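Spelled out from the first residue to the last, the chains are:
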Amino acid sequence: QANPKREVDSSPAELAARMMHRRAVEAVIWGMPAVNYELMYQAGVRAADGDFNQIIYWSRLPDWKIQTLTPNPDAIYFSPFINTKNIGPVVLDIPPADAGSITGTIMDLWQSPLEDVGPAGLDKGKGGKYLILPPGYKDDVPDGFFPLPSLSYEGYALLRSIPKTGSDSDVARAVAYGKRIKLYPLSQATRPPETIFVDVVDGPGERVYRNEKNLIIMSVDARNFPTVYRYDDKNNVLTQVDALGRT
């Protein structure tokens, strides 16, 4: 027996509810990279009192406590969390690939890549000073820097120092090599302050978004979004969130 024809509710109220649902789904999908970034930052702060413009790192090979997406078990991780809003351009100084090498990427808060570093990056293993620029930065960039314009004040880098083996001595050498990375404001480039490294190896912290949490609220953090992709197009996360009642 044929199924009876089901009536479809196409009333204005139902159509508006469907549109709201679609926009909420799109906002969640768009916001996932920013939410994941925010969770990684919060975990670093909660776990070990880290802060912006410092480098969190793991002093030994990671275990279950790293709780992030697709970590490599054979790498020593270094993650500078960068904020240019109050201090202007920030320098990330990568050492030459002599006693080791750094592999990784500098990203904005959307996890959109600004540039790769190390042998696979702009410095080709010779080391280099990567200059992360705040949104709308117009001043001249000094010679000797790789300028990286960013559409957000905040961002981070995911850097790996790879030990030759998993032995304690090789891991220690990979950690020591990674600590040759420097992070400082361009305004202090003539006399860079000491880079602060914060060990988070024993600090459990959730760095993975879960769909049952309110991803939309997390993804519209007010300190970032006024300068991120506001002009991009009508299909960006801000448009979807605005339609859901963001003020």
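Overview of the structure. Think of each chain on its own: its residues are numbered from 1, step by step along the sequence as written. Residue-level local features of this predicted model are given only where pLDDT is at least 70; pairs of side-chain atoms are given and counted only at 80 or more, and the full residue set underlies all totals for whole chains, interfaces and linings. Side-chain descriptors were evaluated using all non-hydrogen atoms of the structure, hydrogens and water having been removed beforehand.

Another point: helix H2 (residues 168-178). Note on helix geometry: an α-helix contains 3.6 residues per turn, so any two residues three or four positions apart are oriented the same way. Partly exposed describes any residue whose relative accessible area lies between the buried limit of under 20% and the exposed limit of over 50%, with all areas from a 1.4 Å probe on protein chains only and scaled to the type maximum. Note on conventions: DSSP H or I runs of at least 4 residues are helices, E runs of at least 2 residues are strands, and numbering of each starts at the N terminus. Within H2, burial applies to Asp 170, Val 171, Ala 174, Val 175, Tyr 177 and Gly 178. Summarising the axial view, the buried residues of H2 lie within an arc of 165°, below the 170-degree limit, and thus occupy one face. Facing away from the buried side of H2 by more than 90 degrees, the exposed set consists of Asp 168 and Arg 173. Buried-residue contacts for H2 involve strand S1 (54-57), strand S2 (76-83), strand S4 (102-108), strand S8 (154-161) and strand S10 (197-199). The directions from the helix axis to the C-beta atoms are what the arc is built from. The criterion used for residue contact is that any of the two residues' heavy atoms lie within 4.5 Å.

Moving on: the nonpolar core. Grouped together as the largest cluster of nonpolar side chains are 23 residues, with contacts concentrated most on Leu 92, Ile 94, Ile 106, Leu 159 and Ile 181. With four residues, H2 is the largest single contributor of residues to this core. The contact partners of Ile 94, leaving out residues within four places of it in the chain, are Ile 102, Val 117, Gly 118, Gly 127, Gly 128, Tyr 130, Leu 159 and Ile 181. The term nonpolar core refers to a set of buried residues drawn from Ala, Val, Leu, Ile, Met, Phe, Trp, Tyr and Cys, joined through side-chain atoms within 4.5 Å. Counting residues in each nonpolar core, the second largest holds 18 residues, with Ala 34, Tyr 37, Phe 81 and Leu 109 among its members.

The pairing criterion is simple: DSSP has to find at least two bridges between the two strands. The strand order S5-S4-S8-S2-S1-S10 describes an open sheet built from six strands, whose pairing is mixed. Only two strands of the sheet have a single partner each, and these edge strands are strand S5 (113-117) and S10. Taken over all neighbouring pairs, the strand axes of this sheet differ in orientation by 20° on average, direction set aside. Two elements, S4 and S5, share four bridges in a ladder whose sense is antiparallel. Pairing of Ile 106 across the sheet is with Glu 115, part of S5. Axis definition: a line fitted to C-alpha atoms, limited for helices to the stretch in contact. Angles are taken between N-to-C directions and run from 0 to 180 degrees. In the packing of H2 onto the sheet, the strands contacted are S1, S2, S4, S8 and S10, and the crossing angle to S2 comes to about 20°.

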